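Here's the letter readout for the chains.
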Amino acid sequence: MLWPSIALLSFVTLQRLAELVYARRNTVALLARGGRECASEHYPLMVAMHAAWLFGLWLLAIGRPVVLGWLLLFMLLQGLRLWVLATLKERWTTRIIILPYAPLVEGGPYRFLSHPNYAVVAGEIAVLPLCFGLPLYAVLFSLLNGIILAIRIRAENACLKQTVT
C-alpha cells in the first residue's frame, strides 16, 4: 500500500517547506530590527543533512508499511514542535539570529529545556525512519544530526552570551 507512506512523507515535506518560508520571513524581520546572524559556518552542512535525510526517506520508505506506535510518537513530536513555534513566534528561525537587548524566551517549553526545538528535531530524525521500519537509517542520521547539533548548540550558546538583556 503506497498511500500511507506517501501521505506521511508529503506531510513532512510540506511542513519543512512551509517552515523554511516562515523562517525566512522571520529572519528578514529580525535583521531589520537590528538582529545579526551569528555562527553561520555550519548552516549549509545542517541544511544538507536535513535534505539528505528527507530525500533518502522518499527513496527508501515509499510503499513500506507505517508502524502505528512510531507514527503516534511522531505526531506527539509534531505537537511539541507547534508548542516551540507558538512560543518563539516571530523569533523562530533556522538560523542563529541574535537580537541585541531582547530578553531570552523563557516561557513554554523553554521553562524545561534550553533548546527544546533541537530535542524535537532529534526525535523526528530518529522516529520518522522508525515509522517505516528503517532502524539503521534512524541511527545513521541521528549520529549525523548529533554531530551537527553539538556544533550548533555550542555556537548558539556562545552567541547568546553576547546579548545584553
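Structure shown above.
Reference entry: report on the structure contained in this document. Model, not experiment: these values are computed from the prediction.

Concerning the overall build of the chain
If you tally the helices and strands in the chain, you get 5 helices and 2 strands. In the chain, the succession of α and β elements from N to C terminus is α-β-α-α-β-α-α. Taken over C-alpha atoms, the radius of gyration comes to 17 Å for the chain, in line with the 15 Å a tight globule of 165 residues would show. Overall size of the chain, expressed as C-alpha extent along the three principal axes, is 55 × 25 × 25 Å. By residue count, 42% of the 165 residues in the chain fall in the buried class. A sequence separation of at least 24 residues applies to 87% of the contacts in the chain between residues at least 6 apart.

Focus: the state of the cysteines
On inspection of all chains with the given rule, the structure shows 1 disulfide. Linked covalently through their sulfurs, Cys38 and Cys159 form a disulfide whose S-S length is 1.8 Å. Because the sign of the S-S torsion sets the handedness, a value of about -75° for the bond joining Cys38 and Cys159 places this disulfide among the left-handed ones. Of this pair, Cys38 sits in the loop between strand 1 (36-37) and helix 2 (43-60) while Cys159 sits in helix 5 (residues 135-161); the two residues are 121 residues apart in sequence, bridging distant segments of the chain. When sorted by exposure, Cys38 lands in the same class as Cys159, which is buried.

Some thoughts on the packing of aromatic side chains
For the structure shown, the criterion picks out 3 aromatic pairs. Judged by centre distance (6.3 Å) and plane angle (50°), the rings of Trp83 and Phe112 are tilted. You can see Trp83 sitting in helix 3 (residues 68-88) and its partner Phe112 sitting in the loop between strand 2 (97-98) and helix 4 (116-131), a full 29 residues away along the chain. Ring geometry for Tyr137 and Phe141: centres 4.7 Å apart, planes at 40°, overall tilted. Residue Tyr137 and its partner Phe141 are both found in helix 5; the two are separated by 4 residues, about one turn of the helix.

A short note on the packing of helix 3 against helix 4
Taken N-terminus to C-terminus, the directions of helix 3 and helix 4 make an angle of 160°; their axes are 9 Å apart at the nearest point. Relative to helix 4, the element helix 3 is oriented roughly antiparallel. Here helix 3 runs over helix 4; the crossing is left-handed. On the side of helix 3, the interface is formed by Trp70, Leu71, Leu73, Phe74, Leu77, Gln78, Leu80, Arg81 and Val84, while helix 4 contributes Pro116, Asn117, Val120, Val121, Gly123, Glu124, Val127, Leu128, Leu130 and Cys131. Counted by class, the contact of helix 3 with helix 4 contains 14 nonpolar, 3 polar and 2 charged residues.

A closer look at a nonpolar patch on the surface
Taken together, Val67, Trp70, Leu73, Leu76, Leu80, Trp83, Phe112 and Leu113 make up a surface patch of nonpolar side chains, about 730 Å² in accessible area. Mapped onto the elements, Leu76 comes out in helix 3. Judged by its relative accessible area of 52%, Leu76 falls in the exposed class.

Notes on unusual backbone geometry
The phi angle at Ala39 is positive, at roughly 50°, despite the residue not being glycine. Looking at the element boundaries, Ala39 is found in the loop between strand 1 and helix 2. Its identity is not glycine, yet Lys89 carries a phi of approximately 50°, on the positive side. Within the secondary structure layout, Lys89 lies in the loop between helix 3 and strand 2.

How each quantity is defined
Starting afresh in each chain, residues are numbered from 1 along the sequence in its written order. pLDDT decides what is reported in this predicted model: residues at 70 or higher carry local features, side-chain atom pairs at 80 or more are listed and counted, and totals for whole chains, interfaces and linings draw on all residues regardless. Water and hydrogen atoms were dropped before computing side-chain values, which therefore reflect all heavy atoms in the structure. Where helices and strands are cited, they refer to DSSP runs of H or I of at least four residues and of E of at least two residues respectively, numbered from the N terminus. Radius of gyration: over C-alpha atoms. The globule rule applied is 2.2 Å multiplied by the number of residues raised to the 0.38 power. Burial classification: accessible surface area is computed with a 1.4 Å probe over protein chains only, and a residue below 20% of its type maximum counts as buried, one above 50% as exposed, and the rest as partly exposed. Any two residues whose heavy atoms approach within 4.5 Å are treated as being in contact. Disulfide: a pair of cysteine sulfur atoms within 2.5 Å of each other. Classification of ring pairs rests on two measures: the distance between centres of Phe, Tyr or Trp rings, Trp counted by its six-membered ring, which must be within 6.5 Å, and the angle between planes, read as stacked under 30 degrees, edge-to-face over 60 and tilted in between. Axis geometry follows a simple rule: fit a line to the C-alpha atoms, using only the stretch in contact for helices, then measure angles between N-to-C directions, giving values from 0 to 180 degrees. The scheme is simple: roughly parallel for angles under 35 degrees, roughly antiparallel for over 145, roughly perpendicular for 65 to 115, oblique for anything else. Here is the rule for handedness: rotate from the far helix to the near one, and if that takes an anticlockwise turn smaller than a right angle the crossing is left-handed, while a clockwise turn gives right-handed. For this classification, Asp, Glu, Lys and Arg are treated as charged, while Ala, Val, Leu, Ile, Met, Phe, Trp, Tyr, Cys and Pro are nonpolar and the rest, including Gly, are polar. Like charges are joined within 9 Å and nonpolar side chains (Val, Leu, Ile, Met, Phe, Trp, Tyr) within 5 Å, but only among residues with over 30% relative accessible area and no salt bridge; these make up the patches. Note on areas: Shrake-Rupley, 1.4 Å probe, and residue coverage restricted to the protein chains presented here. Just to be clear on terms, a salt bridge is a Lys or Arg side-chain nitrogen sitting within 4 Å of an Asp or Glu carboxyl oxygen.

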